[in-house]
Amino acid sequence: MTESNLEEAIELIKERKKEAKQLKGEEEFGFVDSQQDEKITTPQKIKGLARTVRTLQRKPKETISKFDKKTFDPGFMQRHTREITYHLVRKELQKVGLITDLLAEINAGKEATIYLAHLNGAPLIVKCFRHHLTCHKSARGNPQLRATAFAAKEYYKLLRAYRAGVSVPTPAKQINNIILMRFIGRDWKPAPQLRHAILGDPLAVLEELLEQIVILYTKAKLIHGDLSEYNILIDQHQHPYIIDFPQAIDLNGYQMQFTQKKERNQKVLQKDLKTIYHFFETKYRLTFDVNEVFHHIIGEKDYQERLELEEIKAKRI
Ligand SMILES: Nc1ncnc2c1ncn2[C@@H]1O[C@H](COP(=O)(O)OP(=O)(O)O)[C@@H](O)[C@H]1O
Ligand SMILES: [Mg+2]
């Protein structure tokens with residue numbers, strides 16, 4: 001081997017070493033041959049991907065099967081989400097002999113539907129609470145029981161008011177979510193709501209109405225809570241009838257013990273009075289002293305107690 005040959009060989013070895021070192025460095029820092037990359041990583045990726053795809057496929061399947069069982073089973077639908085229909089109410093009430101026939105739907109509010117019915121030729125009102133109340137905060141639990149509870153509440157408050165002598169439609173019967181009551185109207189035409197009634201003597205109506213609110217509070221121990229021109233019917237003799245009681249506040253029992261509750265209830269009463277005031281003031285230019293009527297309704301003792309409470313509150317501020 002000549003000297004130049006040796007030099008060439010050394011150069012070659014050096015170059016090879018350099019190349020090897022470079023390759024090692026690249027491997028260490030993750031610069032891997034693209035071909036190798038495909039060989040190693042692609043199958044792993046696909047394997048993982050396949051797993052994800054499988055899980056994705058499985059998840060909706062599971063949800064669908066639960067969905068099927070609980071929501072889309074027709075039996076379940078019938079038992080729990082079946083809505084009250086005209087035919088259903090008619091069939092049920094005819095079956096128990098409470099009506100001869102259902103004649104027409106008068107009103108469909110957010111909680112109940114009102115039907116006109118007749119029993120052997122005499123008109124009757126059927127108020128049927130729906131199982132599904134929309135956007136109602138108590139819309140939880142068993143819908144059928146909830147509707148029944150609403151009907152029971154209205155029926156017993158209506159009965160209390162009626163027995164105390166307030167002019168309300170006479171309650172006749174409650175079964176489940178349905179209540180039957182006297183029809184207010186004439187010749188099968190329901191009496192108009194206060195907002196639609198043409199009053200010959202609005203002052204007489206206002207006075208009678210305030211009198212009714214006094215009896216409702218003092219004798220029936222109830223505050224209506226939703227008193228307005230919508231929930232007062234005017235009969236053919238221009239007498240006002242108060243309707244729609246499910247939200248009425250029952251004053252029996254707790255009102256004497258809890259000041260806070262008492263205060264809240266009194267606010268509800270004031271709100272009812274203000275609504276009536278506002279209606280008569282805007283439509284008939286008739287006014288009354290809300291505070292004076294309020295004082296008269298709750299009585300001297302409660303009124304003084306309230307004044308003292310307000311004084312204490314004012315001092316605290
Ligand atoms: N006893 C009744 N006689 C005649 N019409 C009635 C009677 N009860 C209700 N109505 C009619 O149905 C409407 C709604 O009744 P209401 O008890 O206020 O139910 P809702 O809870 O839907 O407001 C009333 O405004 C009235 O027109
Ligand atoms: Mg109403």
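Everything below is about the structure printed above this text.
Because the structure is a prediction, the values reported are computed rather than measured. (Residues numbered from 1 in each chain as written. Chains lettered and ligands numbered in written order. Predicted model: local features only at pLDDT ≥ 70, side-chain atom pairs only at ≥ 80, totals over all residues. Heavy atoms only, no water.)

### Some points on the overall build of the protein chain
- Assigned secondary structure in the protein chain consists of nine helices and eleven strands.
- Counting across all 317 residues of the protein chain, residues that qualify as buried make up 34%.
- Partitioning the intrachain contacts of the protein chain with sequence separation of at least 6 by distance along the chain shows that 57% fall at a separation of at least 24.
- When the accessible surface of the protein chain is totalled, it reaches about 21000 Å², and 55% of it is carbon and sulfur. (Helix = DSSP H or I, 4+ residues; strand = E, 2+ residues; numbered from the N terminus. Buried < 20%, exposed > 50% of the residue type's maximum accessible area, 1.4 Å probe, protein only. Contact = heavy atoms within 4.5 Å. Areas by Shrake-Rupley, 256 points an atom, 1.4 Å probe, with all protein chains shown as cover.)

### Focus: helix α9 (residues 300-316)
- In this model, α9 (17 residues) spans 25 Å end to end at C-alpha, consistent with the 24 Å of a helix rising 1.5 Å per residue.
- Contact partners of the buried residues in α9: α6 (202-218), α7 (259-284) and α8 (290-298). (Expected span 1.5 Å × (residues − 1).)

### Points about the coordination of the magnesium ion (ligand 2)
- Coordination of the magnesium ion (ligand 2) by the protein involves Asn231 (OD1) and Asp244 (OD), with metal-donor separations of 2.1 to 2.2 Å. Here the residue Asn231 occupies a position in the loop between β8 (222-223) and β9 (232-234), and Asp244 occupies one in the loop between β10 (240-242) and β11 (249-250), the gap between them amounting to 13 residues. With respect to burial, Asn231 and Asp244 carry one shared label: buried. (Donors = N, O, S within 2.8 Å, 3.2 Å for Na, K, Ca; no water.)

### Digging into the site of ligand 1
- In the region of ligand 1, 18 residues are neighbours, and Lys127, Arg182, Ile184, Gln193 and Asp244 sit closest.
- Between a nitrogen atom of ligand 1 and a main-chain N or O atom of Ile184, the distance comes to 2.9 Å.
- Within the side chain of Gln193, one N or O atom sits 2.4 Å away from an oxygen atom of ligand 1.
- Taking 540 Å² as the accessible area of ligand 1 by itself, protein coverage stands at 90%.
- Of all the elements in the fold, those that place two or more residues in the shell around ligand 1 are β2 (112-119), β3 (122-129) and β5 (178-182).
- When its residues are assigned to classes, the shell around ligand 1 shows eleven nonpolar, four polar and three charged.
- Mapped onto the domain boundaries, the shell around ligand 1 takes at least three residues apiece from domain 2 (82-183) and domain 3 (192-316). (Near = heavy atom within 4 Å. Polar contact = N/O pair within 3.5 Å; in protein donor to acceptor, adjacent residues only side chain to side chain. Nonpolar A, V, L, I, M, F, W, Y, C, P; charged D, E, K, R; others polar. Domains from an automatic or database assignment.)

### A few points about the sheet that holds β5
- On the basis of which strands lie adjacent, the open sheet formed by five strands has the order β1-β2-β3-β5-β4 and antiparallel pairing. The open sheet is flanked by β1 (101-108) and β4 (171-175), the only strands paired with a single partner. Each adjacent strand pair in this sheet contributes to an overall mean axis angle of 25°, direction not counted.
- By the bridge criterion, eight bridges tie β2 to β3 in an arrangement that is antiparallel. Counterpart to Thr113 in the pairing with β3 is Cys128.
- Sheet contacts for helix α4 (residues 86-95): β1, β2, β3, β4 and β5; angle to β1, the most-contacted strand, approximately 135°.
- Across the sheet, helix α5 (residues 143-164) lies against β3, β4 and β5, angled at about 160° from β4, the strand it touches most. (Pairing = 2+ DSSP bridges. Axes fitted to C-alpha atoms, helices over the stretch in contact; angles between N-to-C directions.)

### Here's the deal with the nonpolar core
- Formed by 55 residues in total, the largest nonpolar core has its most connected members in Leu269, Leu273 and Phe280.
- When residues of this core are assigned to their parent elements, the largest contribution, nine residues, is made by α6.
- If you count residues domain by domain, this core takes at least three from each of domain 2 (82-183) and domain 3 (192-316).
- Ignoring sequence-local partners within four residues, the contact set of Phe280 consists of Leu194, Leu199, Pro202, Val205, Leu206, Leu209, Arg285 and Leu286.
- Counting twelve residues, the second largest nonpolar core, distinct from the first, contains Leu124, Cys128, Ile178 and Leu180. (Core = buried A, V, L, I, M, F, W, Y, C linked by side-chain atoms within 4.5 Å.)

Such coordinate-based values are descriptive only and should not be taken to indicate function.
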